[in-house]
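Structural overview for review
Now for the letters of each chain:
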Amino acid sequence: MLQIKNISKKYTTGDFVQTALNNVSLNFRDNEFVAILGPSGSGKTTLLNIVGGLDRYDTGDLIINGISTKKYKDKDWDSYRNHTIGFVFQSYNLIPHQSILSNVELALTISGISKKERKERAKQALTDVGLGEQIHKRPNQLSGGQMQRVAIARALVNNPDILLADEPTGALDSDTSVQVMELLKEVAKDKLVIMVTHNPELANLYANRIVRVKDGHILDDSNPFELNDKKIAPPEHKNMGKSSMSFLTSLALSFNNLKTKKGRTFLTAFAGSIGIIGIALILSLSTGVNQYITDIQKDTMTSYPITIEQKTFDLSSMMNAGEQASKKKVNHKLNAVFSNGTDIMMTSKMATSISENNLTEFKKYLDNKDSEINNYVGENGIVYSYDVPFSVFSYDSDNTLVNTNGSTFSNSNSNTSSIAQMNGSMSVSMNADMSTSMSTDMMTGNINSSPFTEMLSGKNDELVSDVIKDNYKVVYGDWPKAYDEVVLVLDKNNEVSLTTLYYLGLLPSKDYKDILKQINKGEEVNPETSKISYEDICNHNFYLIADSDLYQKNRSDLFKYVGNDNNKVEELLKSGITLKVSGIIRQTSDDSSNIQISGSVGYTKALTNYLINYGNKSDIVKAQKNSPDVNVLNGLHFNPDNDSIKIDDAKTYLSNLSTSDKANMWKSMAMTAYADSPEQIQMLDSMTETQLAAMLDSYLENPKDEEMLSIYDNYIDVGSYDDNMKNFGYVSLGAPSSISIYADTFEDKDSISDCIDKYNKDVKDDKDKITYTDYVALLMSSITTIINVITYVLIAFVAVSLIVSSIMIGIITYISVLERTKEIGILRAIGASKKNISQVFNAETFIIGLFSGIIGIGITCLLLLPINAIIHAVTDSTNVNAFLPVQSGIILIVLSVILTLIGGFIPAKKAAKKDPVAALRSE
Ligand code: ADP
Ligand code: MG
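Residues numbered from 1 in each chain as written. Chains lettered and ligands numbered in written order. Predicted model: local features only at pLDDT ≥ 70, side-chain atom pairs only at ≥ 80, totals over all residues. Heavy atoms only, no water.

Let's talk about the overall build of the protein chain
- When helices and strands are counted, the protein chain shows 35 helices and 26 strands.
- Relative to its length of 923 residues, the protein chain is extended, with a C-alpha radius of gyration of 52 Å against a globular reference of 29 Å.
- With the C-alpha coordinates of the protein chain rotated into their principal frame, the extents come out at 165 × 70 × 55 Å.
- Counting the 923 residues in the protein chain, one finds 47% classified as buried.
- Excluding contacts between residues fewer than 6 apart, the proportion of contacts in the protein chain whose partners are at least 24 apart in sequence is 79%. (Helix = DSSP H or I, 4+ residues; strand = E, 2+ residues; numbered from the N terminus. Rg over C-alpha atoms; globule rule 2.2 N^0.38 Å. Buried < 20%, exposed > 50% of the residue type's maximum accessible area, 1.4 Å probe, protein only. Contact = heavy atoms within 4.5 Å.)

A few points about a positive patch on the surface
- On the surface, Lys115, Lys119, Lys123, Lys259 and Lys262 cluster together into a positively charged patch.
- Here the positive patch gets 3 residues from one element, more than from any other, and that element is helix α4 (residues 115-128).
- Position of Lys262 among the secondary structure elements: in helix α9 (residues 262-303). (Patch = residues over 30% accessible without salt bridge, like charges linked within 9 Å, V, L, I, M, F, W, Y side chains within 5 Å. Areas by Shrake-Rupley, 256 points an atom, 1.4 Å probe, with all protein chains shown as cover. Salt bridge = Lys/Arg side-chain N within 4 Å of Asp/Glu carboxyl O. Lys, Arg positive; Asp, Glu negative; His and termini not counted. Charge placed at Lys NZ, Arg CZ, Asp CG, Glu CD.)

Topic: the nonpolar core
- Counting 93 residues, the largest nonpolar core has Leu2, Phe33, Leu62, Tyr80, Leu126, Leu184 and Ile194 as its most contacted members.
- There are two domains that each give this core at least three residues, and those are domain 1 (2-242) and domain 2 (252-297 + 783-921).
- When residues no more than four places from it in sequence are discounted, the contact partners of Leu184 are Phe33, Ile152, Leu163, Ala165, Pro168, Val193 and Met195.
- Counting 60 residues, the second largest nonpolar core, distinct from the first, contains Val392, Phe452, Val496 and Val581. (Core = buried A, V, L, I, M, F, W, Y, C linked by side-chain atoms within 4.5 Å. Domains from an automatic or database assignment.)

A closer look at the domain arrangement of the protein chain
- Here the protein chain is partitioned into domain 1 (2-242), domain 2 (252-297 + 783-921), domain 3 (389-634) and domain 4 (639-717).
- Between the C-alpha centres of domain 1 and domain 2 there is a distance of 43 Å.
- Tallying the contact residues gives 21 residues for domain 1 and 20 residues for domain 2.
- Of all residues in domain 1, the largest losses of buried area upon contact with domain 2 belong to Leu54, His97 and Ile110, amounting jointly to 29% of the total for that side.
- Counting across the interface, domain 1 meets domain 2 through 2 salt bridges.
- Measuring nitrogen to oxygen at the nearest pair gives 3.4 Å for the salt bridge that ties Asp78 to Arg828.
- Joining domain 1 to domain 2, the criterion identifies 6 residue pairs in polar contact (both at pLDDT 80 or more). (Buried area = accessible area lost by both parts, 1.4 Å probe. Polar contact = N/O pair within 3.5 Å; in protein donor to acceptor, adjacent residues only side chain to side chain.)

Some words on the UniProt feature "transmembrane region" (unreviewed entry) in the protein chain
- If you check UniProt for "transmembrane region" (unreviewed entry), the listed places come out as residues 266-285, 789-818, 845-871 and 883-906 in our numbering.
- A helix fraction of 100% and a strand fraction of 0% characterise residues 266-285, whose end C-alpha atoms lie 27 Å from each other.
- Along residues 883-906 the backbone is 88% helical and 0% strand, and the end-to-end C-alpha distance reaches 35 Å. (UniProt positions renumbered as here; feature names shortened; annotations may be inferred.)

Overview of the pattern of salt bridges
- On inspection of all chains with the given rule, the structure shows 21 salt bridges.
- For Asp55, the salt bridge identified is with Lys9, shortest N-O distance 3.5 Å. In this pair, Asp55 is assigned in the loop between α1 (44-51) and β4 (59-64) and Lys9 in strand β1 (residues 2-13), connecting sequence segments 46 residues apart.
- Of the residues examined, Asp55 reaches a relative accessible area of 8% and is grouped as buried.
- In this structure Lys9 comes out as buried when scored by relative accessible area, which is 9%.
- With a shortest N-O distance of 2.8 Å, Glu32 and Arg209 are connected by a salt bridge. With a gap of 177 residues between them, Glu32 in strand β3 (residues 32-37) and Arg209 in strand β9 (residues 209-214) connect regions that are remote in the sequence.

Digging into the sheet that holds strand β8 (residues 192-197)
- Across the sheet, which stays open at both edges, the 6 strands sit in the order β6-β7-β8-β3-β9-β10 with mixed pairing between neighbours. Only two strands of the sheet have a single neighbouring strand rather than two, namely β6 (85-88) and β10 (217-221). The mean inter-strand angle of the sheet, taken between neighbouring strand axes irrespective of direction, is 20°.
- Relative to β9, β3 runs parallel, the two being bridged by 4 bridges. Across the sheet, Leu37 pairs through a bridge with Arg212, a residue of β9. (Pairing = 2+ DSSP bridges. Axes fitted to C-alpha atoms, helices over the stretch in contact; angles between N-to-C directions.)

Describing the sheet that holds strand β15 (residues 382-385)
- In space, the 3 strands of this open sheet follow the order β12-β26-β15, with antiparallel pairing throughout. Each edge of the open sheet is held by one strand with a lone partner, namely β12 (306-309) and β15. Adjacent strand axes in the sheet meet at a mean angle of 15° when their direction is disregarded.
- In terms of strand pairing, β12 meets strand β26 (residues 738-741) through 4 bridges, oriented antiparallel. Looking at the pairing, Thr307 lines up with Ser740 of β26.
- Sheet strands touched by helix α12 (residues 359-367): β12, β15 and β26. Its angle to β26, the strand with the most contacts, is close to 30°.
- The strands touched by helix α30 (residues 746-762) within the sheet are β12 and β26, with β12 carrying the most contacts at an inclination of about 30°.

A few points about the side chain of Arg149
- Within the secondary structure, Arg149 sits in helix α5 (residues 144-156).
- No salt bridge is formed by the buried Arg149; the nearest opposite charge belongs to Asp173, separated by 10 Å.
- Here the side chain of Arg149 touches Val129 through a polar contact of 3.1 Å, landing on its backbone oxygen.
- In contact with Arg149, other than residues within four places in its own chain, are Val129, Gly130, Leu131, Gln179 and Leu183.

Observations concerning the site of ligand 1
- Around ligand 1, the neighbouring residues are Tyr11, Gln18, Ala20, Pro39, Ser40, Gly41, Ser42, Gly43, Lys44, Thr45, Thr46 and Arg921.
- Measuring from an oxygen atom of ligand 1, one finds a side-chain N or O atom of Lys44 at 3.0 Å.
- In the model, an oxygen atom of ligand 1 is placed 2.6 Å from a nitrogen or oxygen of the Thr46 side chain.
- In isolation ligand 1 offers 550 Å² of accessible surface; the protein chains occlude 72% of this area.
- For the shell around ligand 1, the secondary structure elements donating two or more residues are β2 (16-28) and α1.
- With 3 residues, α1 is the single largest residue contributor to the shell around ligand 1.
- Looking at side-chain class alone, the shell around ligand 1 contains 3 nonpolar, 7 polar and 2 charged residues. (Near = heavy atom within 4 Å. Nonpolar A, V, L, I, M, F, W, Y, C, P; charged D, E, K, R; others polar.)

A short note on the pairing of strand β20 (residues 485-490)
- For β20, the buried fraction is high: 6 of the 6 residues fall into the buried class.
- Of the two faces of β20, the one holding Glu485, Val487 and Val489 and the one holding Val486, Leu488 and Leu490 are both buried throughout.
- Note: β20 against strand β24 (residues 577-587), 6 bridges, orientation parallel. For Val489, the partnering residue across the bridge sits in β24 and is Ile585.
- Of the pairings in the sheet, the one linking β20 to strand β25 (residues 601-603) comprises 2 bridges and is antiparallel in character. Residue pairing for β25: Leu488 is matched across the bridge by Val601.

A look at a nonpolar patch on the surface
- A cluster of nonpolar residues, Phe266, Leu267, Phe270, Ile274 and Phe851, forms a patch on the protein surface that exposes about 450 Å² of accessible area.
- Among the elements that make up the nonpolar patch, the one with the highest residue count is α9 (4 residues).
- Summarising the element assignment, Phe851 is placed in helix α33 (residues 834-875).

Topic: the packing of aromatic side chains
- Tallying each qualifying case throughout the model produces 18 aromatic pairs.
- Summarising the aromatic geometry, the rings of Phe452 and Phe542 are spaced 5.5 Å apart at their centres and angled 90° between planes, so their arrangement reads as edge-to-face. Highlighted residues: Phe452 in strand β18 (residues 452-454) and Phe542 in strand β21 (residues 541-546), separated in sequence by 90 residues.
- You can call Phe452 buried: its relative accessible area is 5%. (Phe/Tyr/Trp six-rings, centres within 6.5 Å; stacked < 30°, edge-to-face > 60°.)

Some remarks on the pairing of β3
- A large share of β3 lies buried, amounting to 6 of its 6 residues.
- Residues Glu32, Val34 and Ile36 of β3 are buried on one face, and the alternating residues Phe33, Ala35 and Leu37, pointing to the opposite face, are buried as well.

Description of the packing of α9 against α30
- For the pair α9 and α30, interaxial distance at closest approach is 9 Å and the crossing angle is 45°. As summarised for this structure, α9 and α30 are arranged oblique, according to the angle between their axes. Contacts between α9 and α30 involve Gln297, Thr300 and Met301 from the former and Phe746, Glu747 and Lys749 from the latter.
- Each residue belonging to the contact of α9 with α30 can be placed in one class, and the counts come to 2 nonpolar, 2 polar and 2 charged. (Parallel < 35°, antiparallel > 145°, perpendicular 65-115°, else oblique.)

Put into structure tokens, the structure is as follows:
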């Protein structure tokens with residue numbers, strides 16, 4: 001039983017107040033067919049909407065089965081609409097993109113009924129209205145009457161107590177109108193049917209009660225239902241419970257919904273994915289470029305470690321001085337001759353720029369695990385080099401012995417020595433690239449013309465670093481596997497400098513001597529290209545002698561250098577180390593910054609270690625260690641305490657001299673004494689060595705102390721312990737000759753420089769400060785800035801595209817929700833709660849977001865193929881590869897979902913809040 005008690009409803013639009021219902025009271029029986037008649041604008045729809053719970057009354061009360069609705073909450077009204085009321089509209093209000101079965105099912109879905117039951121009941125309802133055969137048709141495939149019957153089926157499927165119909169036949173012709181009226185009359189047999197119409201004939205024909213309204217009040221009621229107020233209990237307050245739908249149901253509903261409009265869904269998802277594609281592409285490009293930058297940095301840093309030499313030369317301060325000198329302004333008139341002091345300044349600068357580093361202290365700092373610097377050391381780590389003196393000899397094809405450092409050729413002809421030396425240095429700079437030739441060795445003038453170079457060793461005791469293996473290819477044989485194996489290093493064109501080939505004894509040395517003679521005569525030499533087979537190279541042996549072996553004990557228990565005695569050397573060769581050529585390697589990379597091996601023959605750290613061990617155990621090193629005060633080469637004290645020791649040492653020295661040494665000594669002594677008398681000097685020149693030596697002996701027969709002291713001071717070089725130990729090949733592992741610190745990025749390298757600066761600040765003794773030249777800083781200071789700028793620009797791009805696409809996705813979702821206002825109205829009319837509405841829309845945007853994320857990533861991956869092809873074609877290299885990391889891809893899909901949800905959330909919320917009546921009115 002439904003009671004309307006003194007209900008009034010006003011609409012306020014601006015200043016204008018329209019009274020739609022004015023104190024209306026009506027009672028309805030549980031089953032009757034009521035027709036409400038009245039002119040347009042008289043308040044019929046308003047009355048119906050209030051009865052149906054779509055609209056709220058201002059004053060009065062609506063009592064349903066004795067329960068007042070005054071205190072109804074939203075969810076009570078939702079439940080009331082869903083369970084008690086069925087709505088039929090003039091304009092059918094079917095959801096156009098769903099089949100009529102789904103349309104009918106919808107009301108059941110909202111009340112949370114299982115899928116199977118839903119389907120059965122919907123089918124039954126459609127059969128009841130005579131449309132059992134057409135359940136899979138879309139609304140627009142039906143006639144008006146059929147659509148209205150679907151609407152009636154939808155209204156009845158939930159088995160409501162009350163059916164409300166607002167001009168159900170308003171849009172139908174008279175034949176179909178009759179069919180619909182028959183249907184309603186049938187329904188009214190066991191339900192209350194309230195129908196608004198302005199067709200009095202139909203009302204008279206089918207309805208069993210006619211209520212006339214005008215201007216918001218009741219004019220006339222043909223069959224009023226009077227209640228005795230006293231008999232009826234006063235209205236109760238009771239809630240109806242709620243209509244419910246799980247999120248899974250709404251997800252399934254949304255998915256089905258989306259399936260029915262595939263094209264539209266795809267377009268929305270695609271539009272949303274454009275933003276994702278934008279971000280993903282920019283991200284891929286920036287990942288590719290960043291990767292490239294990182295690679296370049298790493299490559300550069302492997303070629304240019306921070307190298308600290310024991311003897312160092314501050315190139316940057318030199319360069320600064322040079323720059324300043326060239327910029328110096330002339331501040332005198334051009335009216336006389338002026339001196340230019342740049343040369344002196346540069347020379348003094350050069351002298352002061354050379355300094356010694358205390359690498360022993362610095363190594364302690366590096367070895368300390370807590371030192372900050374270790375955080376920045378790169379993959380190749382820190383490499384310590386030790387100066388181990390050794391000589392390598394070889395026999396050429398004529399069986400002539402050659403010293404591979406080129407001294408064979410400089411000794412044989414003193415005139416050519418400078419040229420040989422020059423060639424030696426040239427070969428170093430020609431072999432290596434120009435940039436590599438800028439090694440500190442070159443700068444300090446410490447030219448080592450030996451073609452033997454230690455190759456960078458790898459991590460975990462690998463003999464050859466991967467960096468070397470990356471840049472050099474084995475063309476014959478294999479990499480060295482033992483300390484006595486070496487490789488020959490070729491350039492890109494399989495070439496080795498001719499000088500080096502002569503030095504190594506790979507070409508006959510007499511030919512080189514001829515060339516040197518020709519050069520000395522001032523003739524131009526244009527050597528032909530020689531060819532040597534790989535096999536011949538690998539069958540060639542080198543013989544290594546550690547320098548400690550070049551000293552031999554003589555009768556007086558002193559050691560003597562025998563390195564310039566060819567017979568002794570050849571004897572030593574038999575017991576020396578035979579170096580085998582294990583392979584031939586060729587430089588592969590065109591990139592000049594990648595060169596690692598500066599010499600033509602590469603040996604491994606294993607050989608260095610072997611020689612350190614060998615030298616430290618040698619007799620001469622042991623002997624010198626045992627007598628730290630006395631030089632084992634000449635028996636003299638390093639630091640004599642008093643004059644008597646000096647006199648004794650002078651005597652020992654003289655007694656050990658050979659005849660020719662004595663002659664030389666006497667000659668130079670006499671030269672100083674007879675400086676004023678040319679005849680005497682001429683006489684000296686005519687004497688033989690024996691005569692001269694005899695004169696010295698007679699002079700020293702009864703020497704005075706002063707004479708001996710004078711000889712000691714002027715003619716005797718005592719030497720030093722440290723120099724001796726170094727020459728004998730003694731190496732302390734704590735005192736490297738150079739330290740190379742490898743970093744992976746420019747940034748790390750800068751941090752390492754900062755750490756060294758800090759170290760310099762912290763050391764107590766000024767002598768322990770470290771000086772070195774930061775070549776990378778010299779060469780690339782601007783590049784670091786450029787790289788930083790590029791990185792920031794890329795980040796900015798990603799950020800901008802992220803913002804732009806977020807807005808875009810938001811707008812697209814917003815529009816697609818706005819567009820469906822009517823659908824929201826329908827859902828509300830059949831009982832969906834506000835929460836249901838936002839749930840359905842959120843589920844839908846979730847699916848679309850997921851879909852657009854996946855489409856976006858898919859399209860990006862496809863686009864990357866042509867994009868990379870273009871990048872490769874434009875840059876003419878394959879160094880830059882745009883790619884999307886898997887992680888980023890997943891994050892972008894999640895992002896797409898979140899953005900879409902946010903974009904859809906606000907309009908969904910708004911849609912849910914929409915007044916259902918207004919929503920239904922919207923087109
Ligand atoms: P009927 O259905 O009898 O044609 P209605 O119930 O739709 O009439 O409207 C009754 C009166 O209330 C009309 O004057 C109409 O202009 C006014 N009205 C209805 N709905 C609104 C609204 N949402 N805002 C303002 N005025 C309204
Ligand atoms: Mg109306």
